[in-house]
Amino acid sequence: MRRAGVLLLAAVPLIAAGVYFVVPADSGESEGASTAAATAPSSREDAKGRAEQERAADDALIAGLPPGLAAPDKKELAQRLVSSAENSTTEWRTAYGTIEDLGDGDGYTAGIIGFCTGTHDLLTLVERYTEAYPDNGLAGYLPALREVDGTDSHEGLDPGFTAAWRAEADVPAFREAQEAERDRVYFEPAVRLAKLDGLGTLGQFVYYDAMVFHGPDTDAEGFYGLRERAMAEARTPARGGSEKDYLGAFLDVRRRAMEARRPGIDTSRVDTAQRRFLAAGNLKLETPLEWEVYGDAYRAP
């Protein structure tokens, strides 16, 4: 997936404040300087406290909502849907050991969610896995992974990295690490934000699939950039808008971004999957589902 940008959801807002000091003529500048220095930490602490309060309020709101896509059966369905687009199969557990260069500029794409050597998420996965299991079969490639991060280069990875990845994918701990990183970086942030935007299960999946494909980036082509553009075209349900209208706007924005990034790209994961569910009014993503991706038909009974 694409490189993770600077996430803004939990960012502490900057506070611009005008502070005026009345300084006696014989006091010099030291008093004002020391007062300003004392005020700055206080402002940062206040901002941090407000951010923590806002997050606690968001947590409380989410806790009172239905599980949606986080329900075990819906989460399993979400992985099957994503896998149909990422790996051309709904059997997503067969993809732990997949690895190939797709020629898209992201280097090697591997594993259950398409971790990429060129987009930082594969590097982060191997680093976190190595912290827990230092003697794993991929640890020796960390220097090379750091060097190629952000590029499509195989320097230092060939010829052994692909074989090492496939071998490590037979280790239960590495499979668990892939799932944990998928949830930490993509699934959980997408579902959380969708719920805060007032979206149901389908909308939560729409966010998740977009997070997977576009990456948790804040630039124009990243997930958060797409959301900002969609919100400029339609209000979210949390802001009093129509859920169907907002999701339609989001899918329109996403499709345009996909085509701008790769002219001629197959956008069927949007057109004949998510948009089909939306057109049917299936906002709860209830089964049975039928969809098509890249010309292949799938069904979830």
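Quantities reported herein were computed from a predicted structural model and do not represent experimental measurements.

Two elements in contact, helix H3 (residues 121–132) and helix H5 (residues 161–168), have axes whose closest approach is 14 Å; the angle formed by their N-to-C orientations is 55°. Considering the angle they form, H3 stands oblique to H5. Crossing geometry of H3 relative to H5 is assigned as left-handed. Residue-level inspection shows Leu122, Leu125, Val126 and Tyr129 of H3 in contact with H5, the latter providing Phe161, Trp165 and Glu168.

This part takes up the sheet that holds strand E1 (residues 99–101). Read across the open sheet, the three strands follow the order E1-E2-E3; overall the sheet is antiparallel. The sheet is open, and its two edges are formed by E1 and strand E3 (115–116), each paired on a single side. One ladder, built from three bridges, connects E1 with strand E2 (residues 108–110); its direction is antiparallel. Following the sheet pairing, Ile99 is matched in E2 by Ala110. Taken strand by strand, H5 contacts E1 and E2, and its axis lies near 150° from that of E1.

Our next topic: the packing of aromatic side chains. Applying the stated criterion across every chain yields a total of 15 aromatic pairs. Relative to Phe161, the ring of Tyr108 lies with its centre 6.4 Å away and its plane at 40°, an arrangement referred to as tilted. Linking Tyr108 in strand E2 with Phe161 in helix H5, this pair joins segments that are 53 residues apart in sequence. The interplanar angle of 45° and the centroid separation of 6.5 Å between the aromatic rings of Tyr246 and Phe250 together place this pair among those described as tilted. Of this pair, Tyr246 and Phe250 both sit in helix H9 (residues 243–261), separated by four residues, roughly a single helical turn. For Phe250, a relative accessible area of 0% puts it in the buried group.

Calculation criteria
Residues numbered from 1 in each chain as written. Predicted model: local features only at pLDDT ≥ 70, side-chain atom pairs only at ≥ 80, totals over all residues. Heavy atoms only, no water. Axes fitted to C-alpha atoms, helices over the stretch in contact; angles between N-to-C directions. Helix = DSSP H or I, 4+ residues; strand = E, 2+ residues; numbered from the N terminus. Parallel < 35°, antiparallel > 145°, perpendicular 65-115°, else oblique. Left-handed = near helix turned anticlockwise from the far one by under 90°. Contact = heavy atoms within 4.5 Å. Pairing = 2+ DSSP bridges. Phe/Tyr/Trp six-rings, centres within 6.5 Å; stacked < 30°, edge-to-face > 60°. Buried < 20%, exposed > 50% of the residue type's maximum accessible area, 1.4 Å probe, protein only.

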